[in-house]
Amino acid sequence: MFGRRRTWLSVGMLAVAAAGFAQLAGTAPAAAAPSTNAARILYYDASRAAEFVNVVHQGANNWNSRVTNVQLRPVTAGVRANITVIADNGWPRAITTSLGNGRWYMGRVAVNDGHSPPRIAAHEFGHLLGLPDRRTGLCTDLMSGASAGTSCRNAFPSATEASRVNANFASATTSAALAAAQVHEWECFASPTAIVPAAAVPAHR
Ligand SMILES: [Zn+2]
């Protein structure tokens, strides 16, 4: 049901992504990857997050407390934001243009359905940090999204998710590979009834 909306922008991108993830799979250590550089800083702009500004900060801080190779910080004057957060009346979703860059939407539909706003915020930041949706149904997983149900209030990444993000930002080489792979739109927290008919969207590959 969710898969229909997961539309890769091009087949070529999919191939690049597969190569990027394959490289990661072969090189990413099981534990948090030690960084040879200072943590990469990603600036986010929450000025369009309306009533969710504090929730956006919470989602960012939850990641900051669990990963070391990248940190999310509110954008300051004169600095270009890597990530823009926008509140709207749709479903939560993320549009990544490269690893660590893009925008995500704090969709009110899922909030009104009862999904935890901090969990949504942390989940969407997870996409910007290079994680895909993994609908495991486990509340301990952040990227399980709506599959964990509205009773799930966990807004922190699992150790595995944090380790993957550390690996994503462990080196310039890995980041470059992922940067080419992350042009993608993620549909998150949508209920089956919200999914448009398959015929209305491009074929999923
Ligand atoms: Zn998602």
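These figures come from a predicted structure and were not determined experimentally.

Caption draft 1: Highlighting the overall build of the protein chain. Helix and strand content of the protein chain: six helices and six strands. Scanning the protein chain from its N terminus toward the C terminus, one meets helices and strands in the order α-β-α-β-β-β-β-α-α-α-α-β. Carbon and sulfur atoms make up 57% of the accessible area of the protein chain, which totals about 9,000 Å².

Caption draft 2: Quick peek at the state of the cysteines. A complete count under the given rule lists one disulfide for this structure. Here Cys139 pairs with Cys152 through a disulfide, and the sulfurs are 2.0 Å apart. As the torsion about the S-S bond is roughly 85 degrees, the Cys139-Cys152 disulfide counts as right-handed. Placement of the pair is Cys139 in the loop between α4 (117-128) and α5 (159-168) and Cys152 in the loop between α4 and α5, with a sequence separation of 13 residues.

Caption draft 3: Broad picture of the coordination of the zinc ion. Surrounding the zinc ion are the protein donor atoms His123 (NE2), His127 (NE2), Asp133 (OD) and Cys188 (SG), which sit 2.0 to 2.1 Å from the metal. Here the zinc ion binds four donor atoms, and the angle range of 90 to 146 degrees at the metal identifies the geometry as irregular. In the primary structure, the donors to the zinc ion are separated according to the pattern H-x3-H-x5-D-x54-C. Here Cys188 lies in the segment after β6 (184-187) and Asp133 lies in the loop between α4 and α5, a separation of 55 residues in the sequence. Cys188 carries the same exposure label as Asp133, and that label is buried.

Caption draft 4: Spotlight on the nonpolar core. Ranked by size, the top nonpolar core spans 39 residues in total, and within it Trp63, Leu72, Ile83, Trp104 and Phe125 carry the most contacts. Elements that contribute at least two residues to this core include exactly β1 (40-48), α2 (53-64), β2 (70-74), β3 (83-88), β5 (101-107), α3 (108-113), α4 and α5. Among the elements that line this core, the one with the most residues is α4, at five residues. The residues contacting Leu72, other than those within four sequence positions of it, are Leu42, Tyr44, Ala60, Trp63, Asn64, Ile83, Phe125 and Leu129.

Caption draft 5: Spatial organisation of the sheet that holds β1. With mixed pairing, six strands are arranged side by side in an open sheet as β2-β1-β3-β5-β4-β6. Looking at the sheet topology across the chains shown, the edges are occupied by β2 and β6. Going from strand to strand, the sheet's axes swing by 20 degrees on average, the running direction of each strand aside. One ladder, built from four bridges, connects strand β4 (residues 93-98) with β6; its direction is antiparallel. When the bridges of β6 are listed, Ile95 appears paired with Glu185. Helix-sheet contacts for α4 involve β1, β2, β3, β4, β5 and β6, and the interaxial angle to β5 is about 160 degrees.

Caption draft 6: Geometry of α2. For α2, which comprises 12 residues, the first-to-last C-alpha distance of 17 Å matches the rise-based estimate of 16 Å (1.5 Å per residue) to within 8%. All buried positions along α2 are accounted for by Val55, Val56, Gly59, Ala60, Asn62, Trp63 and Asn64. The elements touched by buried residues of α2 are β1, β2, β3, β5, α4 and α5.

Cut-offs applied
Along each chain, residue indices are assigned from 1 in the same order as the chain's sequence is written. Totals for whole chains, interfaces and linings use all residues, but because this is a predicted model, local features are given only for residues with pLDDT of at least 70 and pairs of side-chain atoms are given and counted only at 80 or more. Hydrogen atoms and water are omitted, and side-chain values are computed over all heavy atoms in the structure. For helices the rule is a DSSP run of H or I covering at least 4 residues; for strands it is a run of E covering at least 2, with both sets numbered from the N terminus onward. Computed by Shrake-Rupley with a 1.4 Å probe, the accessible areas treat only the displayed protein chains as cover when residues are assessed. Here, the term disulfide refers to a pair of cysteine sulfur atoms separated by no more than 2.5 Å. The donor definition counts N, O and S atoms within 2.8 Å of each metal and applies 3.2 Å to Na, K and Ca; water is not among these atoms, so some sites may look incomplete. Site shape is set this way: if four donors have all angles between 85 and 135 degrees, tetrahedral; if opposite donors are over 155 degrees apart and all others between 65 and 115, square planar for four donors and octahedral for six; otherwise irregular. Only protein chains enter the accessibility calculation, which uses a 1.4 Å probe; a residue is then buried when its area is under 20% of its type maximum, exposed when over 50%, and partly exposed in between. Note on terminology: a nonpolar core comprises buried Ala, Val, Leu, Ile, Met, Phe, Trp, Tyr and Cys residues joined through side-chain atoms within 4.5 Å. Two residues form a contact once any of their heavy atoms are found within 4.5 Å. Between any two strands, at least two bridges found by DSSP are needed for them to pair. Axis lines are fitted through C-alpha atoms, for helices just across the contact stretch, and the angle between N-to-C directions can take any value from 0 to 180 degrees. Helix span, as expected, comes to 1.5 Å for every residue beyond the first.

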